[in-house]
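Listed below, chain by chain, are the residues.
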Amino acid sequence: MAKEITKKHIIDCFNTLSRKYSIDNITVNMIVAEAGVSKSTFYRLFLDKYDVMNYNYKLVLDEIFEKTKFKSWGELFINILTFVEKDSKRVKNAFLSEGINSYEKFVFDYSFNRMNDKFFEKHGHYLGKNEIYSAKIVIYACVNTVRDWLFDGRPISKVELAQQIDRTIPEEYQILC
């Protein structure tokens, strides 16, 4: 139990830092100083700062996905966009990270795996070779649309954007919500 409390405290401190700095500019030293824990404690719980980021956002995405059984992609994206709006500075800074450990890559990979798992639940098999690429196009478009919406100053409401996303999801993936 103490391990989970410490882990949550480190995540909360990471979130505080990520509202001020991009992920690329946050160091493990900054995280442990903010959290008031030793490096050995940090490394017992996480591999590196990217592990903190990924664990943190996995918790957020799991909560969004599990909170409600969505009837549509639009409903799902209302919840995602609500999170983005509520903590826009942190999400914006996260999107500024680049490379193999980037937030964008994590969200893409995590979302693709969720879609593939949902496809398995509905069809009894994972996405096929041809379906994988269409699913990746859908997810890539969704992740980057949310990113653009945030960086463009949210020029349309989250409801309008969620409706637009919902209308563009191919029929074969509509049943996955």
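Computed from a predicted structure; not experimentally measured.

Caption draft 1: Quick look at the packing of helix H6 (residues 88-95) against helix H8 (residues 129-151). Relative to each other, H6 and H8 sit at 120 degrees, their axes nearing to 10 Å. Looking at the two axes, H6 sits oblique to H8. Every pair of crossing elements has a handedness; the one defined by H6 and H8 is left-handed. Along the contact surface, H6 presents Ser 88, Val 91, Lys 92 and Phe 95, while H8 presents Val 143, Arg 147, Leu 150 and Phe 151. For the contact of H6 with H8, a count of residues per class yields five nonpolar, one polar and two charged.

Caption draft 2: Quick peek at the confidence of the model for the protein chain. Averaged over the protein chain, the pLDDT score is 92; the fraction of residues at 70 or greater is 98%. In the model of the protein chain, helix H10 (residues 171-174) stands out as the element of lowest mean pLDDT, 84, in contrast to helix H2 (residues 28-35), which has the highest, 98.

Caption draft 3: Geometry of the pattern of salt bridges. Evaluation of the coordinates by the stated rule reveals 10 salt bridges. A salt bridge links Arg 19 to Asp 87, with the nearest nitrogen and oxygen atoms 2.9 Å apart. Here Asp 87 lies in the loop between helix H5 (73-86) and H6 and Arg 19 lies in the loop between helix H1 (2-18) and H2, a separation of 68 residues in the sequence. We classify Arg 19 as partly exposed; its relative accessible area is 34%. One salt bridge in this structure joins Asp 87 and Arg 90, with 2.4 Å as the shortest N-O distance. Take Asp 87 and Arg 90: they sit in the same class, and that class is buried.

Parameters at a glance
- Residues numbered from 1 in each chain as written.
- Predicted model: local features only at pLDDT ≥ 70, side-chain atom pairs only at ≥ 80, totals over all residues.
- Heavy atoms only, no water.
- Axes fitted to C-alpha atoms, helices over the stretch in contact; angles between N-to-C directions.
- Helix = DSSP H or I, 4+ residues; strand = E, 2+ residues; numbered from the N terminus.
- Parallel < 35°, antiparallel > 145°, perpendicular 65-115°, else oblique.
- Left-handed = near helix turned anticlockwise from the far one by under 90°.
- Contact = heavy atoms within 4.5 Å.
- Nonpolar A, V, L, I, M, F, W, Y, C, P; charged D, E, K, R; others polar.
- pLDDT = per-residue confidence, 0-100.
- Salt bridge = Lys/Arg side-chain N within 4 Å of Asp/Glu carboxyl O.
- Buried < 20%, exposed > 50% of the residue type's maximum accessible area, 1.4 Å probe, protein only.

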